[in-house]
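So you can see what is in the structure, the chains are spelled out below.
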Amino acid sequence: MNHQKINVVVTAVAPVGAQVDAAGITGFIDQAKHPSWCSTDVSPPQVGDQLHAVVLDDSRTPSRLSALQNDIEIARVLSERD
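Per chain, the residues get numbers from 1 upward, laid out in the order the sequence is written. Restriction of local features to residues with pLDDT of at least 70 applies here, the model being predicted, together with a cutoff of 80 or more for giving and counting side-chain atom pairs; totals for whole chains, interfaces and linings are based on all residues. Side-chain measures were taken over the full set of non-hydrogen atoms in the model, leaving aside hydrogen atoms and water.

**Student:** It is not clear to me how the overall build of the chain should be interpreted in this structure. Could you clarify?
**Tutor:** When helices and strands are counted, the chain shows 1 helix and 5 strands. By definition, any uninterrupted DSSP run of H or I lasting at least four residues is a helix, any uninterrupted run of E lasting at least two residues is a strand, and each is numbered from the N terminus. Taken from N to C terminus, the helices and strands of the chain fall in the order β-β-β-β-β-α. Against the compact-globule benchmark of 12 Å for 82 residues, the chain has a radius of gyration of 12 Å, which places it among compact chains. Structurally, the chain occupies a C-alpha span of about 35 × 30 × 20 Å along its principal axes. For every residue, the accessible area obtained with a 1.4 Å probe (protein chains only) is divided by the maximum for its type, and the residue is called buried under 20%, exposed over 50%, and partly exposed between those limits. A buried classification covers 29% of the 82 residues belonging to the chain. Under the convention used here, Asp and Glu are negative, Lys and Arg are positive, and both His and the chain ends fall outside the count. By convention, charge coordinates are those of NZ in Lys, CZ in Arg, CG in Asp, or CD in Glu. Charge separation in the chain, taken as the distance between the mean sites of 6 positive and 10 negative side-chain charges, equals 4 Å. C-alpha atoms define the radius of gyration, and 2.2 Å times the number of residues to the power 0.38 defines the globule rule.

**Student:** Sorry, what's going on with the pattern of salt bridges here?
**Tutor:** A side chain of one charge can pair with a side chain of the opposite charge when the charged atoms of the two come close. Here, a salt bridge means any side-chain nitrogen of Lys or Arg that lies within 4 Å of a carboxyl oxygen of Asp or Glu. Scanning all chains against the criterion turns up 3 salt bridges. We note a salt bridge from Arg76 to Glu73, for which the minimum N-O separation is 3.1 Å. Of this pair, Arg76 and Glu73 both sit in helix 1 (residues 69-81), 3 residues apart, roughly one helical turn. On the basis of relative accessibility, which here comes to 33%, the residue Glu73 falls in the partly exposed class. Its salt-bridge partner being Arg76, residue Glu80 comes within 3.1 Å of it at the nearest N-O pair. With Glu80 and Arg76 both in helix 1, this residue pair falls 4 residues apart, about one helical turn. For Glu80, a relative accessible area of 58% gives the class exposed. Arg76 gets classed as partly exposed once you look at its relative accessible area, which sits at 39%. Overlapping salt bridges bring together Glu73, Arg76 and Glu80 as one network.

**Student:** What am I meant to see in the side chain of Ser63 here?
**Tutor:** Note on placement: Ser63 falls in strand 5 (residues 63-66). Only heavy atoms enter the contact rule, under which two residues are in contact if any of them lie within 4.5 Å. With residues near it in sequence (within four places) discarded, Ser63 still touches Thr26, Gly27, Phe28, Asp57 and Asp58.

**Student:** I tried to follow the sheet that holds strand 1 (residues 5-14) on my own but got confused; where do I start?
**Tutor:** Where strands meet in a sheet, backbone hydrogen bonds hold them as pairs that are either parallel or antiparallel. On the basis of which strands lie adjacent, the closed barrel formed by 5 strands has the order 1-2-3-5-4 and mixed pairing. Neighbour-to-neighbour, the strand axes of this sheet turn through a mean angle of 55°, independent of strand direction. Should DSSP find at least two bridges between two strands, the strands are taken to pair. Bridge analysis of strand 4 (residues 50-57) against strand 5 gives 3 bridges, and the strand direction is antiparallel. Along strand 5, the bridge assignment pairs Asp57 with Arg64. Sheet contacts for helix 1: strand 1, strand 4 and strand 5; angle to strand 4, the most-contacted strand, approximately 55°. Axes here refer to lines fitted to C-alpha atoms; in helices the fit is confined to the stretch in contact. Angles between the N-to-C directions go from 0 to 180 degrees.

As structure tokens, this is what we get:
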């Protein structure tokens, strides 16, 4: 599932990141992997937010995801190569 683009819903927020649900699978988006970390124009994640994300590491529990456009583009290129 690594490099796969998915839609997620934020289910919990903490100072270090956000827990998300992707069709019944729990994931985690580190604060540095959410657009609000590098832009003052984007609000921090809130419970109920829907995000486009990419799976960075599905071997961890919960799986690590990123909502950064740059990571999504890198994953697209990597998945096309596979």
